[in-house]
Amino acid sequence: MYCPFCRNPDSRVVDSRLADDGSTIKRRRQCPECGRRFSTVETASLSVIKRSGVGEPFSRSKIINGVRKACQGRPVTDDDLAMLAQEVEETIRASGAAEMAANEVGLAILGPLQKLDQVAYLRFASVYQDFESLADFESAIAQLRSQIPVGQASASDGQEPVRTGGKAAEPSSSVQDR
């Protein structure tokens, strides 16, 4: 590591600390030539191999931008997208691979996105799972419906609350304690 002040190619590590939940190491260094101190941050590199065969560094912002398109018009915040990107990165890094195909990154997004928003999930899945017909969408919707526990209707399943007497009621009837 070159000293940023005098460009000496040697430095001594004075202190090391874990940062970002252990995914990076922050080191405090001292130059033996000029005596000045500086910090470095080290991370394990993760490369994404595109279809063309070109590799590029993993980027959370690319995940966020790609998923943002699928979430357009949906009740998903920027914080939700940031958390999703972090979860995807942690999953990919946990695999231990230094390189991963772009398609595998896309597939790793599907699980967290399904939990976040089912409509956005279908939009994203239609690209990464190569949906070719309405039957593909119907199959994915049937699979999503089979995962919803019986009697649990959510706002994302397409059912609107039934209006009764000026108050909103859930679509399924329930017994209330009095």
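In case you missed it, the structure is sitting above this.
Scope of this entry: the structure provided in the associated data block.

## What to know about the layout of surface pockets
Its volume calculated, the largest pocket comes out at about 550 Å³. Listing elements by their share of the lining of the largest pocket, those giving two or more residues are strand S4 (47-49), strand S5 (55-57), helix H1 (60-70), helix H3 (102-116) and helix H4 (118-128). Among the elements that take part in the lining of the largest pocket, H1 stands out by supplying seven residues, more than any other. Taken together, the residues of the lining of the largest pocket sort by class into 13 nonpolar, five polar and six charged.

## Let's talk about the pairing of strand S3 (residues 37-43)
Relative to S3, strand S2 (residues 24-30) is paired through seven bridges, and the arrangement is antiparallel. Directly across from Gln-30, in S3, lies its bridge partner Arg-37. Taken together, S2 and the strand that follows it, S3, pair antiparallel across an intervening segment of six residues, in which Gly-35 is found at a positive phi of about 80 degrees.

## Some points on the nonpolar core
Residues Ile-63, Val-67, Ile-109 and Leu-113 are the most contacted members of the largest nonpolar core, which totals 27 residues. Residue assignment for this core shows that the elements contributing at least two residues are H1, helix H2 (78-94), H3, H4 and helix H5 (134-147). Setting aside residues no more than four positions away along its own chain, Ile-63 makes contact with Phe-58, Leu-84, Ala-85, Val-88, Val-105 and Ile-109.

About the thresholds
- Residues numbered from 1 in each chain as written.
- Predicted model: local features only at pLDDT ≥ 70, side-chain atom pairs only at ≥ 80, totals over all residues.
- Heavy atoms only, no water.
- 1 Å grid on protein atoms, 1.4 Å probe; cavity = no way out; pocket = protein on both sides within 12 Å on 5 of 7 lines; lining within 4 Å.
- Points joined across faces, edges and corners; volume = space filled by probe spheres on them.
- Helix = DSSP H or I, 4+ residues; strand = E, 2+ residues; numbered from the N terminus.
- Nonpolar A, V, L, I, M, F, W, Y, C, P; charged D, E, K, R; others polar.
- Pairing = 2+ DSSP bridges.
- Core = buried A, V, L, I, M, F, W, Y, C linked by side-chain atoms within 4.5 Å.
- Buried < 20%, exposed > 50% of the residue type's maximum accessible area, 1.4 Å probe, protein only.
- Contact = heavy atoms within 4.5 Å.

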